[in-house]
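Single-letter residue listing:
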Protein chains: 2
Amino acid sequence: MTSEKLDRRKKYTRMVLKDSLLKLLKQKTFSSITVKEICELADINRSTFYAHYQDPFQLLETIEDEIIADMRKYLHTYNLQEKEDALRMTEKLIQYFSAKHEELQILLNKSGELSFERKVRHVAEQFMMNKMTSEEKNTHLPEYVSKFIISGSIEVLKIGYLRDVRNHQKKWRS
Amino acid sequence: MTSEKLDRRKKYTRMVLKDSLLKLLKQKTFSSITVKEICELADINRSTFYAHYQDPFQLLETIEDEIIADMRKYLHTYNLQEKEDALRMTEKLIQYFSAKHEELQILLNKSGELSFERKVRHVAEQFMMNKMTSEEKNTHLPEYVSKFIISGSIEVLKIGYLRDVRNHQKKWRS
DNA sequence: AACTGTCTGTTGATTATCCAACACCGTGTT
DNA sequence: AACACGGTGTTGGATAATCAACAGACAGTT
């Protein structure tokens, strides 16, 4: 942990730049987005952009990395409990997807680059497989189940219906 | 017009400070609000506050003055048309109240100080009386009517139902 | 009365952002 | 080919905001 001491100004600048890029990604393809555009939307001077990021791609990478780190952290807190069953783990996973559906949906859909999707799948899989007993691991069944659940969640998330899923969640649990 | 050249940073700082004060006024009385509190909510250094305003009261005054100026400007554009009838003028007035109901409601209700309310009434009255013919003015009737309408609007606004009024506006016009 | 904690108003040194300007490049126009 | 246009990446000086620190005022505790 290189403890970056973050000035309020830096924090604000980076935040609005990230927000701007995400907003723009809703509307147009990544490669069509210009530095100038990002800065105008963020109301930040263009030279300030270059003080933080080399180019839009590096900004995008930063956003992705932060989401991955956040996801890892979130899931890790629930990893501590011993031997949760698959259903509860799935629930946690979907809760996270649901909470961050706005960003995740955008990032997963910016077709072309699917490295982000790979990373998400990887973290999710680690989480699901983590607490299996070694005997369970010998049968490859849990692996298939994990992959199945994760793929399903991600594809649904991409389409954008996950919010509805969350809304109906209570009903299902009865 | 002392043409204030406004740096983006100044604009942002002042904006968040104003927003913060308004948010706090929703929750507590003006005199119980501290500079520190405003700055923490705005995420602005306290010393920066003093670079812009002497104290919370001056900040409040600024907010009020800007609303008054904005209101005057808005109504002025509709003042240009000749001889609009009272009904249409009233409509414009209420439209403005409705558009700004969030701020207006807060500012009008911070009981104690009613100087702001006086200013609002004054601007509104000017607007209503402005286009009366001199014969009309001789009878004091329009004066009473204006006062009546304005008082009514303001009181309704204070209670917070004006949004509902706007929502039902279309029905009334039929 | 001494003590504690909190807000105040101000300061000086440091850092971040702004702005305007620049040369460069690629694309499209005439 | 010459040209205008718009985005790029970079610079230097001006300006604004940050942070940390300070002494003073005040209210509540012990």
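None of the values given here were measured: they were computed from a predicted structure.

Colleague: Describe the protein's contact with DNA strand D, with residues and values.
Modeller: The immediate surroundings of DNA strand D are formed by 19 residues, with A:K36, A:R46, A:Y50, B:T13 and B:T48 found nearest. Among the atoms of DNA strand D close to the protein, meaning within 4 Å, 66% are from sugar or phosphate groups. In the environment of DNA strand D, a phosphate oxygen lies 2.8 Å from a nitrogen or oxygen atom belonging to the side chain of A:Y50. One of the side-chain nitrogen or oxygen atoms of B:T48 is found 2.4 Å away from a phosphate oxygen of DNA strand D. When contributions to the surface near DNA strand D are tallied by element, the ones reaching two or more residues are α1 (8-27), α2 (35-42) and α3 (46-52) of chain A together with α1 (8-27) and α3 (46-52) of chain B.

Colleague: Residue-level account of the interface of chain B and chain A, with values.
Modeller: Residue-level contacts link five residues of chain B with five residues of chain A. Here chain B packs against chain A, burying approximately 530 Å² in sum over the two surfaces, 36% of which is carbon and sulfur. Looking only at chain B, the three residues that lose the most surface to chain A are B:R8, B:Y12 and B:D43, adding up to 84% of its buried area. Here chain B is connected to chain A by two salt bridges. With its nearest N and O atoms 3.1 Å apart, the salt bridge here joins B:R8 to A:D43. The tally of links between chain B and chain A comes to three residue pairs in polar contact (both at pLDDT 80 or more). A class-by-class count of the residues in the side of chain B that touches chain A yields two nonpolar, one polar and two charged.

Colleague: How would you sum up the pattern of salt bridges? Please name residues and give values.
Modeller: Enumeration according to the criterion identifies 25 salt bridges over all chains in this entry. Note that B:E40 is salt-bridged to B:K36, the shortest N-O span being 3.8 Å. Of the two residues, B:E40 and B:K36 are both situated in helix α2 (residues 35-42); the distance of four residues between them amounts to about one turn of the helix. Note that B:R88 is salt-bridged to B:E91, the shortest N-O span being 3.5 Å. Here B:R88 and its partner B:E91 are both found in helix α5 (residues 86-99), three residues apart, which amounts to about one turn of the helix. A residue is classified by how much of its surface remains accessible, and B:E91, at 16% relative accessible area, is buried. Taken together, the shared-partner salt bridges in this structure form one network comprising A:E117, A:R121, A:E155 and A:K158.

Colleague: Would you mind going over the protein's contact with DNA strand C in detail, with residue names and values included?
Modeller: The immediate surroundings of DNA strand C are formed by 19 residues, with A:K10, A:T13, A:T48, B:R9 and B:K36 found nearest. Per the 4 Å cut-off to the protein, sugar and phosphate atoms form 65% of the nearby atoms of DNA strand C. Contact between DNA strand C and A:S47: a base nitrogen at 3.2 Å from a side-chain N or O atom of the residue. In this structure, a phosphate oxygen belonging to DNA strand C sits 2.7 Å away from a side-chain N or O atom of B:K36. Mapped onto the surface near DNA strand C, the elements with two or more residues apiece are α1 and α3 of chain A together with α1, α2 and α3 of chain B. Across the surface near DNA strand C, the residue classes break down as three nonpolar, seven polar and nine charged.

Colleague: Report on the layout of surface pockets, specifying residues and quantitative values.
Modeller: Taking a probe equal in size to a water molecule and rolling it over the atoms shows the remaining empty space. Of the volumes computed, that of the largest pocket is approximately 940 Å³. Along the wall of the largest pocket there are 24 residues; nearest its centre are A:R9, A:Y12, A:T13, B:R9 and B:Y12. Sorting the residues of the lining of the largest pocket by element identifies α1 and α3 of chain A together with α1 of chain B as the ones contributing at least two each. The biggest single contributor to the lining of the largest pocket is α1(A), with seven residues. Its residues assigned to classes, the lining of the largest pocket shows seven nonpolar, seven polar and 10 charged.

Colleague: Give me the lowdown on the environment of A:Q58, citing residues and values where you can.
Modeller: Residue position: A:Q58 is located in helix α4 (residues 56-79). Not counting residues within four places of it along the chain, the set of residues in contact with A:Q58 comprises A:H52 and A:Y53.

The rules we used
- Residues numbered from 1 in each chain as written.
- Chains lettered and ligands numbered in written order.
- Predicted model: local features only at pLDDT ≥ 70, side-chain atom pairs only at ≥ 80, totals over all residues.
- Heavy atoms only, no water.
- Near = heavy atom within 4 Å.
- Polar contact = N/O pair within 3.5 Å; in protein donor to acceptor, adjacent residues only side chain to side chain.
- Helix = DSSP H or I, 4+ residues; strand = E, 2+ residues; numbered from the N terminus.
- Contact = heavy atoms within 4.5 Å.
- Buried area = accessible area lost by both parts, 1.4 Å probe.
- Salt bridge = Lys/Arg side-chain N within 4 Å of Asp/Glu carboxyl O.
- Nonpolar A, V, L, I, M, F, W, Y, C, P; charged D, E, K, R; others polar.
- Buried < 20%, exposed > 50% of the residue type's maximum accessible area, 1.4 Å probe, protein only.
- 1 Å grid on protein atoms, 1.4 Å probe; cavity = no way out; pocket = protein on both sides within 12 Å on 5 of 7 lines; lining within 4 Å.
- Points joined across faces, edges and corners; volume = space filled by probe spheres on them.

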